[in-house]
Amino acid sequence: MPAKETRTLGIVGMGRMGAGIARRLMRAGHRCVVFDANPKAVDAVAKDGAQGVSTLEDLLPALGAAPRAIWVMLPSGHITEQTIERLGQIMETADIIIDGGNSYYKDDIRRARAVGARGIRYVDVGTSGGVWGLERGYCMMIGGDKDAIDYLDPIFDTLAPGLGSIPRTPKRDGMDERAERGYVHAGPSGAGHFVKMVHNGIEYGLMQAYGEGFDILRNKQSDRLAADERFDLNLADIAEVWRRGSVISSWLLDLSAAALAGDQTLEGFSGYVDDSGEGRWTIEAAIEEAVPADVLSSALYTRFRSRQTHTFAEKMLSAMRYGFGGHTEGMLEGGVPHVSEHGVPSEPPGVPVRRAAE
């Protein structure tokens, strides 16, 4: 269904999330001009209606008149820094640079100041939704100036999940309705990625709790226990029953149930768990603010330890990370993968996904 108001958006980075963002926008009638260093990635999205360009500089004339908005959806670090620096050189007053990746919020503050000196507006968007965002929608935490974010509202409204079937929270009358639809203007430049950073830190803790809980269940049949205290528990059935009416139900539990239904031993996972940086930054922020973060820091340190020895809890984390983001495990010495390469499935493996708005 076409959006009420449409925009033209440039998108840099046609990975899983960048391509998903472009396709979701085009389904609603927005126009997307896309670029990626890999021409095949551009061609794939162009077949669905996007206009592909072959260089970063070609984006600007293809986007038309100002204000022009370009969404950068690249891995955090040097490639994002380099891309935003170049855009800051070629874009003009009132244009908007959007960083939708997982950049460090202090980098956003610095970049916003740098491009702002040329009259270019900078918006940081913490984007959650993983490989399922195309269908489910993306939860977005946004930082930047109000005028720029208001201009981009049709984009955010289309990408967000919407109200869906989730019960409305009581006593929200008079509060920002955008939060109920799945996106929020968190504050000035840097605030969006700061909120997403803490979101990812919490994610680490939740995943660790599920992993440890299932590890305890699995080891209840240990020969270290008295014979009459050993239980051979069906983990797939337990995960499934917890999905239905339990206070610990969640999408992460949905993903766990799917993984366990496929293989209760999780033999396809080694338990090697990467961290993408946001967990570390969350702990750094906690230290700066003198806020105790026992669970989050413990979850981060457990990921470090997982690269040396592996428990069933860590296999659970690997299974959840693969489920929501298609993340494969790290490498052993010599470049040998811990698991064989998985193709990203076209839909959740055997588990009804919680959907917000179609």
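I will try to describe carefully the structure that is included in this document. Everything quoted here is computed from the prediction, not taken from an experiment. (Residues numbered from 1 in each chain as written. Predicted model: local features only at pLDDT ≥ 70, side-chain atom pairs only at ≥ 80, totals over all residues. Heavy atoms only, no water.)

### A closer look at the overall build of the chain
Phase 1 of the analysis: Across its full length, the chain holds 15 helices and eight strands.
Phase 2 of the analysis: For 358 residues, the compact-globule formula gives about 21 Å, and the C-alpha radius of gyration of the chain, at 22 Å, lands near that figure.
Phase 3 of the analysis: About 17,500 Å² of surface is accessible on the chain, with carbon and sulfur atoms providing 54% of the total.
Phase 4 of the analysis: In the chain, the 39 positive side-chain charges and the 49 negative ones have mean positions that sit 3 Å from each other. (Helix = DSSP H or I, 4+ residues; strand = E, 2+ residues; numbered from the N terminus. Rg over C-alpha atoms; globule rule 2.2 N^0.38 Å. Areas by Shrake-Rupley, 256 points an atom, 1.4 Å probe, with all protein chains shown as cover. Lys, Arg positive; Asp, Glu negative; His and termini not counted. Charge placed at Lys NZ, Arg CZ, Asp CG, Glu CD.)

### Points about the nonpolar core
Phase 1 of the analysis: Judged by nonpolar contacts, the single largest core of 33 residues is most densely connected at I11, V34, W71, I98, V123, M140 and F156.
Phase 2 of the analysis: Take this core: its biggest share by element is five residues, from helix 1 (residues 16–27).
Phase 3 of the analysis: Not counting chain neighbours up to four residues away, the residues in contact with I11 comprise G18, I21, A22, L25, C32, V33, V34, F35 and W71.
Phase 4 of the analysis: Among the nonpolar cores identified, the runner-up in size contains 27 residues, and L252, F269, F312 and M320 belong to it. (Core = buried A, V, L, I, M, F, W, Y, C linked by side-chain atoms within 4.5 Å. Buried < 20%, exposed > 50% of the residue type's maximum accessible area, 1.4 Å probe, protein only. Contact = heavy atoms within 4.5 Å.)

### Considering the environment of A37
Phase 1 of the analysis: Note on placement: A37 falls in the loop between strand 2 (31–35) and helix 2 (39–46).
Phase 2 of the analysis: Under the relative-accessibility criterion, A37 is labelled exposed at 73%.
Phase 3 of the analysis: It is 28 Å that separates the C-alpha atoms of A37 and I149, two residues lying 112 residues apart in sequence.

### Focus on the pattern of salt bridges
Phase 1 of the analysis: Per the counting criterion, the structure on display carries 23 salt bridges.
Phase 2 of the analysis: Across the pair R243 and E240 runs a salt bridge, and its minimum N-O distance is 2.9 Å.
Phase 3 of the analysis: The buried category is assigned to R243, whose relative accessible area is 11%.
Phase 4 of the analysis: Salt bridges sharing partners connect three or more residues here, namely E81, D99, D107, D108, R110 and R111. (Salt bridge = Lys/Arg side-chain N within 4 Å of Asp/Glu carboxyl O.)

### Describing the packing of aromatic side chains
Phase 1 of the analysis: Counted according to the given criterion, the structure contains eight aromatic pairs.
Phase 2 of the analysis: In textbook terms, an aromatic cluster arises when at least three aromatic residues are bridged by ring pairs, as seen for Y104, Y105, F194 and W281.
Phase 3 of the analysis: Above the ring of Y151, the side-chain terminus of R7 is found at 4.2 Å from the ring centroid.
Phase 4 of the analysis: It is R136 that lies over the ring of W251; its NZ or CZ is 4.0 Å from the centre. (Phe/Tyr/Trp six-rings, centres within 6.5 Å; stacked < 30°, edge-to-face > 60°. Lys NZ or Arg CZ within 6 Å of the ring centre and 35° of its normal.)

### Some remarks on the pairing of strand 1 (residues 8–12)
Phase 1 of the analysis: Among the five residues that make up strand 1, four are buried, leaving the element largely enclosed by the rest of the structure.
Phase 2 of the analysis: Chirality of the crossover, the property in question, places the unit of strand 1, helix 1 and strand 2 among those that are right-handed.
Phase 3 of the analysis: Of the strand pairs in this sheet, strand 1 and strand 4 (residues 69–72) are connected by three bridges, and their pairing is parallel. Note that in strand 4 the partner of G10 across the bridge is I70. (Right-handed = clockwise from strand over helix to strand, strands pointing away. Pairing = 2+ DSSP bridges.)

### Focus on the packing of helix 10 (residues 191–218) against helix 12 (residues 251–262)
Phase 1 of the analysis: Where helix 10 meets helix 12, the axes come as close as 11 Å, and the angle between the chain directions of the two elements is 40°. With respect to helix 12, the axis of helix 10 lies oblique. Every pair of crossing elements has a handedness; the one defined by helix 10 and helix 12 is right-handed. Each of L206, M207, Y210 and F214 in helix 10 lies in contact with helix 12, whose residues at this interface are L252, L253 and L260.
Phase 2 of the analysis: Looking at the contact of helix 10 with helix 12 residue by residue, the class counts come to seven nonpolar, no polar and no charged. (Axes fitted to C-alpha atoms, helices over the stretch in contact; angles between N-to-C directions. Parallel < 35°, antiparallel > 145°, perpendicular 65-115°, else oblique. Left-handed = near helix turned anticlockwise from the far one by under 90°. Nonpolar A, V, L, I, M, F, W, Y, C, P; charged D, E, K, R; others polar.)

### Some details on the side chain of N200
Phase 1 of the analysis: Examined against the element boundaries, N200 turns out to sit in helix 10.
Phase 2 of the analysis: Taking relative accessible area as the criterion, N200 reaches 6% and is therefore assigned buried.
Phase 3 of the analysis: Setting aside its immediate chain neighbours within four residues, N200 contacts N102 and E278.

### Some words on the sheet that holds strand 8 (residues 183–187)
Phase 1 of the analysis: Taken together, the eight strands give an open sheet; going across it, the order is 3-2-1-4-5-6-7-8, and neighbouring strands pair in mixed fashion. Sheet topology places strand 3 (51–52) and strand 8 at the edges, where each strand pairs with a single neighbour.
Phase 2 of the analysis: Running at roughly 175° to strand 5 (residues 96–99), helix 4 (residues 78–90) makes contact with strand 1, strand 4, strand 5 and strand 6 (121–128) of the sheet.
Phase 3 of the analysis: Helix-sheet contacts for helix 5 (residues 105–116) involve strand 5 and strand 6, and the interaxial angle to strand 6 is about 150°.

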